[in-house]
Structures are given as structure tokens and as C-alpha cells.
Amino acid sequence: AWYRQILGGLERFLAGRYEILHMEEIVPSHIRAYLSEQKARGISSETTHRTYCGLRCFFKFLKRDGVIPSDSMLLVEKPRRERHLIQPLSSTQVLALLDQLESRSFLGLRNRLAMLLMLDSGLRLSEILTLRQCDVDMAAGALLVMGKGRKERKVPFASVTRKALESYLRMRERIPTDSGLLIVSQYGQRLTSRHIQLLVRRLGRNAGIQGVRVSPHTLRHTCATQYIRNGGDPFSLQAILGHSTLEMVRIYVNLANRDVYDQHKKFSP
């Protein structure tokens, strides 16, 4: 769906401005004009950057399969991206969020576990929804996670998440389902991303959290930032989060170090 959206936008642009209908007719200046037109329309640099990356993959594929004689994207400069940091939750806000969850019903236990998997182990929402029961290794205190690019990694979890897992799994046994997935609905069906997104947003609203966007991705950011604040090193954090490079981890380090500067302003002798 993502590629269809990107390529559909390029197709409409080329047909409307240049009357181009065939891939062989596209030259680098056409793609540069398309990316410039996105900027002129006020589309964010992050979206334009992702569009560039999508087009680069597509043209590389066309060249490899012999559809086009040369890759036009090789002569198109990558657009600059302006990163806007997601503000993490404070420890007080995290506790207020978890206080909204009851731990007696199946739904309450499931929702609490999903929250802890993001806050404790830093899992992406997509990773949580595809976790299987067999991926949970209680003895090792770790999860076998299928991340981006279908790369597997082992992610540890703390004692608080272990307790949530044990309680949930006991209740999970009563749900009639053939699904091997860990996180399911009360009818044993797979949950959608939208379901968890709305849940997290509602919990944040009920907890009275303001000034911070409460979302699954914010919980992952909060996990990473708190990990660094508590003395964790960037290399182990990179392995836990499943990042291929340290670029994103550096952002978490800088975000955590902001606290040091703020504290120094308050308490400097």
C-alpha cells in the first residue's frame, strides 16, 4: 500500500506535467521536479525523504530486472530531512498511564502486557502484534522478535513484564483459538494496529497526560530514553531496539542528556 501511494503520486505528476506514460521516458530531472513539487506543496521533509527512498528501491528493482536501461535515481540527490524528536513520557506519566489498567480481566491483562512490551522491551507495535506464544522464553527472560527486514533478535524483559506475561498466559489458555499469536482479542483473533493505537491514546487521555503525544511509538521512545538515563549503553540499546545503525540511538542519548543540562541550570553551585 505504501509503494502504491508513492508510485501513484509520481505517475499522476509525470502524466499531468510531462505526459509521460512509460518508465523508459523518465530522466533524473523529472524526479527532481517531483520532489521539488512536494516541497512546494508543504509536504514535510520526512515524508519527502521516505518518498525518495521508496522511489530509489523501485528504480533499482526495474534496472535489475532489465525493465529500464539505467537507474535515473543514481543522479538524484537525497533530499534533506528535518527530524522532529518525539517527546518521551516522564516516569510520573508512565505510572499514571499504567494506573489506568486493571489486572483482573483478560482484556486488562492483555492491554497491560502490550503496554509493558513497549515500555520495558521497546518493541514496535508491529512486532508486538506478530509475536507468537512460542517466541516467549521464560527461562531466559527473553522474546524472539521478528523485526524490520525480517531480522530476528532476542529482546530481554524485566521481572515486572514476566509477572504480566505469566498472568496473561494463564488467562490466554481459556481463549478458544487456533492462533499461535501471543496478543489476541477476547475471541482469539489477531488485533489491528489501530486497536492498540486507540487504546494507548484513550489511556493517555484518561490519565490526564498533556503536552506529549501518547502513542505506541512514544512508549518505545520512552523506553529508549529511560534506558540511557538509567545508565544503559548505546550499543546494547541498539541491539534491543533492532536498529541497524547507531544514528537513531544517538538521538536518544542526546534526548536523555537534555535532563543533565536542565538539572545543571537548576542546581549549579
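Whatever comes next refers back to the structure up there.
A short tour of the structure in this document, coming up.

Criteria and cut-off values
Residues numbered from 1 in each chain as written. Predicted model: local features only at pLDDT ≥ 70, side-chain atom pairs only at ≥ 80, totals over all residues. Heavy atoms only, no water. Patch = residues over 30% accessible without salt bridge, like charges linked within 9 Å, V, L, I, M, F, W, Y side chains within 5 Å. Areas by Shrake-Rupley, 256 points an atom, 1.4 Å probe, with all protein chains shown as cover. Salt bridge = Lys/Arg side-chain N within 4 Å of Asp/Glu carboxyl O. Lys, Arg positive; Asp, Glu negative; His and termini not counted. Charge placed at Lys NZ, Arg CZ, Asp CG, Glu CD. Helix = DSSP H or I, 4+ residues; strand = E, 2+ residues; numbered from the N terminus. Buried < 20%, exposed > 50% of the residue type's maximum accessible area, 1.4 Å probe, protein only. Core = buried A, V, L, I, M, F, W, Y, C linked by side-chain atoms within 4.5 Å. Axes fitted to C-alpha atoms, helices over the stretch in contact; angles between N-to-C directions. Parallel < 35°, antiparallel > 145°, perpendicular 65-115°, else oblique. Contact = heavy atoms within 4.5 Å. Nonpolar A, V, L, I, M, F, W, Y, C, P; charged D, E, K, R; others polar. Pairing = 2+ DSSP bridges. Expected span 1.5 Å × (residues − 1).

Moving on to a positive patch on the surface. Taken together, R194, R201, R202 and R205 make up a surface patch of like positive charges. For R201, the position within the fold is in helix α8 (residues 193–206). For R201, a relative accessible area of 42% corresponds to the partly exposed category.

As a further point, take the nonpolar core. M115 and L182 are the most contacted members of the largest nonpolar core, which totals 43 residues. Counting only elements with at least two residues in this core, the list comes to α4 (91–98), α5 (106–119), α6 (125–130), β2 (142–146), α7 (159–172) and α8. With eight residues, the top contributor of residues to this core is α5. Within the second largest apolar cluster, 18 residues are counted, among which are I6, F13, L35 and V76.

The next thing to look at is the pattern of salt bridges. Pairs can form between side chains of opposite charge once their charged atoms are near each other. Applying the stated criterion across every chain, the model contains seven salt bridges. One salt bridge in this structure joins R64 and D65, with 3.8 Å as the shortest N-O distance. Residue classification places R64 among the exposed residues on the basis of a relative accessible area of 61%. A residue is classified by how much of its surface remains accessible, and D65, at 48% relative accessible area, is partly exposed. Among the charged side chains, a salt-bridge network with shared partners connects R124, E127 and R153.

Once that is clear, we can look at the packing of helix α1 (residues 2–17) against helix α2 (residues 28–40). For any two helices packed against each other, one specifies the crossing angle of their axes together with the interaxial distance. Between α1 and α2, the least distance of the axes is 10 Å, while the angle of their chain directions is 110 degrees. Considering the angle they form, α1 stands roughly perpendicular to α2. On α2, the residues touching I6, G9, L10, F13, L14 and R17 of α1 are H30, A33, Y34 and E37. Taken together, the residues of the contact of α1 with α2 sort by class into six nonpolar, two polar and two charged.

Here the focus is the pairing of β2. Across a regular strand the side chains alternate sides, sitting on one face of the sheet and then on the other. Taken together, the two bridges between strand β1 (residues 136–137) and β2 define a ladder with antiparallel strand orientation. Its bridge partner lying in β2, V136 is registered against L143. The turn linking β1 back onto β2 is made up of four residues, and G141 within it adopts a positive phi angle of 65 degrees. Counted along the chain from β2 to the antiparallel partner strand β3 (residues 152–156), the turn is five residues long, and its residue G149 has a positive phi close to 70 degrees.

What follows deals with α1. Side chains that are three or four residues apart share a direction in an α-helix, a result of its 3.6 residues per turn. Over its 16 residues, α1 runs 23 Å from end to end, which matches the ideal 22 Å to within 8%, given 1.5 Å per residue. Burial in α1 covers these residues: I6, G8, G9, L10, F13 and L14. Those residues of α1 that are buried lie in contact with α2 and α3 (45–64). Looking one or two places after α1, you find E19, whose phi comes out positive at around 55 degrees.

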